[in-house]
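Residues per chain are reported as follows:
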Amino acid sequence: MKTMQMTMDELTVGQKGAVKAIHAPKQLKRRLMDMGFTKGVDIEVVKLAPMGDPIEVSVRGYNLCLRRAEARKIELR
């Protein structure tokens, strides 16, 4: 089994990363890919909710919010 490196939920506001892989069930993986999270895409954390969930990220020129559990499935390089 592969060990995961940094995941998107570990980033703080202003930090950037690039998508390396998505480790999620097929349906969630497809949904994340449809939102623009594909291999090599740069992402940046824009804002965190007061309790840390959800996370607002910038991807492909637009902002969207993800639950921390969903962000945990996105491995970064």
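Residues numbered from 1 in each chain as written. Predicted model: local features only at pLDDT ≥ 70, side-chain atom pairs only at ≥ 80, totals over all residues. Heavy atoms only, no water.

Asks: Could you clarify how one ought to interpret the environment of Leu76 in this entry?
Replies: In this structure, Leu76 sits in strand β5 (residues 74-76). A C-alpha to C-alpha distance of 9.3 Å links Leu76 and Asp42, two positions 34 residues apart in sequence. When near neighbours in sequence (up to four residues on either side) are disregarded, Leu76 contacts Gln5, Met6, Thr7, Met8, Leu11, Gly17, Ala18, Val19, Lys20 and Ile43. (Helix = DSSP H or I, 4+ residues; strand = E, 2+ residues; numbered from the N terminus. Contact = heavy atoms within 4.5 Å.)

Asks: Help me out: how do you make sense of the nonpolar core in this one?
Replies: Soluble globular proteins: nonpolar side chains tend toward being buried together. Counting residues in each nonpolar core, the largest one holds 20 residues, and the members touching the most others are Met8, Leu32, Phe37, Ile43, Leu66 and Ile74. Elements supplying a minimum of two residues to this core: β1 (16-22), α1 (26-34), β2 (42-48), β3 (55-59), β4 (62-66) and β5. At three residues, the largest contribution of residues to this core is made by β3. Sequence-distant contacts of Leu66, that is, excluding residues within four places in its chain, are made with Met8, Leu32, Met35, Phe37, Asp53, Pro54, Ile55, Ala71 and Ile74. (Core = buried A, V, L, I, M, F, W, Y, C linked by side-chain atoms within 4.5 Å. Buried < 20%, exposed > 50% of the residue type's maximum accessible area, 1.4 Å probe, protein only.)

Asks: Honestly, the pattern of salt bridges in this entry has me stumped. Any pointers?
Replies: When charged atoms on two side chains of opposite charge get close, those side chains can pair. Inspection of every chain in the model, using the stated rule, returns six salt bridges. For Lys20, the salt bridge goes to Glu75, with nearest N and O atoms at 3.8 Å. Here Lys20 is found in strand β1, whereas its partner Glu75 is found in strand β5, with 55 residues between them in sequence. Given a relative accessible area of 5%, Glu75 falls into the buried group. With a shortest N-O distance of 3.4 Å, Asp34 and Arg30 are connected by a salt bridge. With a gap of four residues between them, Asp34 and Arg30 both fall in helix α1, about one helical turn apart. Looking at Asp34, the relative accessible area reads 56%, which means it is exposed. When its relative accessible area of 45% is taken as the criterion, Arg30 is described as partly exposed. (Salt bridge = Lys/Arg side-chain N within 4 Å of Asp/Glu carboxyl O.)

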